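# Fold and geometry: a report
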Amino acid sequence: MTELDPVIHAQARLRVVVTLATLADGDRITFPRLQELLTMTAGNLSVHLRKLEDAGYVEIDKTHRGRTPTTLVRLSRRGRRAFEEYTENIRALLDPPAPRETR
Amino acid sequence: MTPDDEAAPLDAAEAMRLIREQQASTVQRLEPDPRVHYWPWGFAWLIGFGVYFLRFSPDGRTLVDMPAWLPLTLLFVLLAAAAVVFGVGSARAYRHVAGESAQRGRWYGTAWGLGFFSLSVVIGRVTDSLPPDLAGLLWSALSVGLTGALHMAGGAIWLDRTLFRLGVWLTAVNIVGVIAGPGWHALVVSVAGGGGLLVAGALARRRHG
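All values reported here derive from a predicted model rather than from experimental measurement. (Residues numbered from 1 in each chain as written. Chains lettered and ligands numbered in written order. Predicted model: local features only at pLDDT ≥ 70, side-chain atom pairs only at ≥ 80, totals over all residues. Heavy atoms only, no water.)

Let us look at the overall build of chain B. Counting its regular elements, chain B contains seven helices and one strand. Going residue by residue from the N terminus, the α and β elements of chain B occur as α-α-α-β-α-α-α-α. At 22 Å, chain B has a C-alpha radius of gyration far larger than the 17 Å of a compact globule built from 209 residues. Its C-alpha atoms give chain B principal-axis dimensions of roughly 75 × 30 × 25 Å. The buried share of chain B, reckoned over its 209 residues, is 36%. For chain B, contacts bridging at least 24 residues in sequence account for 68% of all contacts bridging at least 6. Here chain B carries 16 positive and 14 negative side-chain charges, and the mean point of each set is 6 Å from the other. (Helix = DSSP H or I, 4+ residues; strand = E, 2+ residues; numbered from the N terminus. Rg over C-alpha atoms; globule rule 2.2 N^0.38 Å. Buried < 20%, exposed > 50% of the residue type's maximum accessible area, 1.4 Å probe, protein only. Contact = heavy atoms within 4.5 Å. Lys, Arg positive; Asp, Glu negative; His and termini not counted. Charge placed at Lys NZ, Arg CZ, Asp CG, Glu CD.)

This is how it looks when you write it as structure tokens:
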């Protein structure tokens, strides 16, 4: 069996990564909007984002929009590639490319 | 954090289902309904140019009597309303998203604004030297022409087939209308142009699901 990326292969983080991957390449989303799209609590989302950031899959910028502090989140290039690989692996599991031998 | 958050999806099929569902719901919520991009303009054109045709009909006739200022005023009010619906709709969907999409949207919006500004300066400069029916034709033909070109450009920017084809259609409709002449142009743009916008909205909606 193909090894699945353990960072992505967890229900909550998979949803986070899918949502960020759905945005156009180079787009960043604010933390509250991401939370709204995922219907997760702020604490919960923070924990998962930190794990994704530690893996280098997500970039988190704290900036200001006018005077309000804003946290912007985006999938890094590495994260996007990891997600593509993960999806390919899942596809391969569902539909094995070459039926060589069955167990 | 709930304990099952860390749990892996049960199997590959479950993971695939999760990916599909989350993708669909994100798209759905970022772009609520594509008809908001097309239908306000479609109705504005259909009604606005339609009334214009009834007042300023071919060969200088008037099919329905009404004050001369009414058709253009109505058209501009309808276009302004469409612009507001369109602007609010896109801004709401894309609120809290920053980066390249927002930048594209801003520049594309600027292209529309500056394009129409430069066009109105040019036509305003020459319109007094033209007979009224030709002046009217010049205004609407150049506006529809620019709209067609910008729709094609939008299709190129977002690789959106519906938007590009709509631009080609509007350009063709405009040329046919201009060849047909003053009066007819408004009818052609109202029915084929406005109708084209409504059809494009329905097609985009179907693709969006």
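All names here are of chain B. With the rule as written, the count across this model stands at eight aromatic pairs over all chains. Consider the rings of W39 and F43, whose centres lie 6.3 Å apart with planes at 85°: the pair is edge-to-face. With W39 and F43 both in helix α2 (residues 35-55) and four residues apart, this pair spans about one turn of that helix. The class of W39 is partly exposed, set by a relative accessible area of 28%. A relative accessible area of 41% means that F43 is categorised as partly exposed. Over the ring of W39 we find R35; its NZ or CZ atom is 5.2 Å from the centre of that ring. The residue whose ring lies beneath R55 is F56, and the NZ or CZ to ring-centre distance is 4.8 Å. (Phe/Tyr/Trp six-rings, centres within 6.5 Å; stacked < 30°, edge-to-face > 60°. Lys NZ or Arg CZ within 6 Å of the ring centre and 35° of its normal.)

The next thing to look at is the packing of helix α1 (residues 11-22) of chain A against helix α1 (residues 12-30) of chain B. α1 of chain B packs onto α1 of chain A with a crossing angle of 45° between their chain directions and a minimal axis gap of 9 Å. The angle between the axes of α1 of chain A and α1 of chain B places the two elements in the oblique class. In this structure, α1 of chain A meets α1 of chain B at a crossing whose hand is right-handed. Residues Q11, L14, R15, V18, T19 and T22 of chain A of α1 of chain A pack against A15, L18, I19, Q22, Q23, T26 and V27 of chain B of α1 of chain B. For the contact of α1 of chain A with α1 of chain B, the residue count by class is six nonpolar, six polar and one charged. (Axes fitted to C-alpha atoms, helices over the stretch in contact; angles between N-to-C directions. Parallel < 35°, antiparallel > 145°, perpendicular 65-115°, else oblique. Left-handed = near helix turned anticlockwise from the far one by under 90°. Nonpolar A, V, L, I, M, F, W, Y, C, P; charged D, E, K, R; others polar.)

Now for the UniProt feature "transmembrane region" (unreviewed entry) in chain B. Residue and element names in this part refer to chain B. UniProt records the feature "transmembrane region" (unreviewed entry) for residues 38-56, 68-94, 106-124, 136-158 and 163-180 in the present numbering. Helix makes up 89% of residues 68-94 and strand 0%, with an end-to-end C-alpha separation of 41 Å. Across residues 106-124, helical content stands at 100% and strand content at 0%; the span's end C-alpha atoms are separated by 27 Å. (UniProt positions renumbered as here; feature names shortened; annotations may be inferred.)

This brings us to the UniProt feature "domain: Winged helix DNA-binding" (unreviewed entry) in chain A. Per the UniProt annotation, the sites labelled "domain: Winged helix DNA-binding" (unreviewed entry) are residues 20-93 of chain A. Along residues 20-93 of chain A the backbone is 55% helical and 27% strand, and the end-to-end C-alpha distance reaches 24 Å.

Contact geometry of helix α2 (residues 31-38) of chain A with α1 of chain B gives a least axis separation of 10 Å together with a crossing angle of 125°. It follows that α2 of chain A is oblique to α1 of chain B by the angle criterion. For the pair α2 of chain A and α1 of chain B, the sense of crossing is right-handed. Across the interface between the two elements, R33, E36, L37 and L38 of chain A from α2 of chain A touch Q22, T26, R29 and L30 of chain B from α1 of chain B. In the contact of α2 of chain A with α1 of chain B, the residues fall into three nonpolar, two polar and three charged.

Note that T26 of chain B resides in helix α1. Apart from residues lying up to four places away in sequence, T26 of chain B is in contact with T19, T22 and L37 of chain A.

On to the pairing of strand β2 (residues 58-65) of chain A. All names here are of chain A. Looking at chain direction, β2 and strand β3 (residues 68-75) are connected through eight bridges and run antiparallel. For H64, the partnering residue across the bridge sits in β3 and is P69. Hairpin connection between β2 and β3: a loop of two residues separates the two successive antiparallel strands, and G66 in this loop has a positive phi of roughly 65°. (Pairing = 2+ DSSP bridges.)

Below, the discussion takes up the interface of chain B and chain A. Residue-level contacts link 28 residues of chain B with 35 residues of chain A. Around 2,900 Å² of area is buried between chain B and chain A when both sides are counted, 58% of it from carbon and sulfur atoms. Together, Q22, R29 and H96 of chain B form the three largest contributors to the area buried by chain B at its contact with chain A, with a combined 20%. The tally of links between chain B and chain A comes to zero salt bridges. Looking at the side of chain B that touches chain A, the elements that each hand over two or more residues are α1, α3 (70-93), β1 (97-99) and α4 (100-126) of chain B. In terms of residues, the side of chain B that touches chain A owes the most to one element, α1 of chain B, which gives 12 residues. Where strand β1 (residues 27-30) of chain A lies against β1 of chain B, three bridges are found, and the strand directions are antiparallel. Following the sheet pairing, I29 of chain A is matched in β1 of chain B by V97 of chain B. (Buried area = accessible area lost by both parts, 1.4 Å probe. Salt bridge = Lys/Arg side-chain N within 4 Å of Asp/Glu carboxyl O.)

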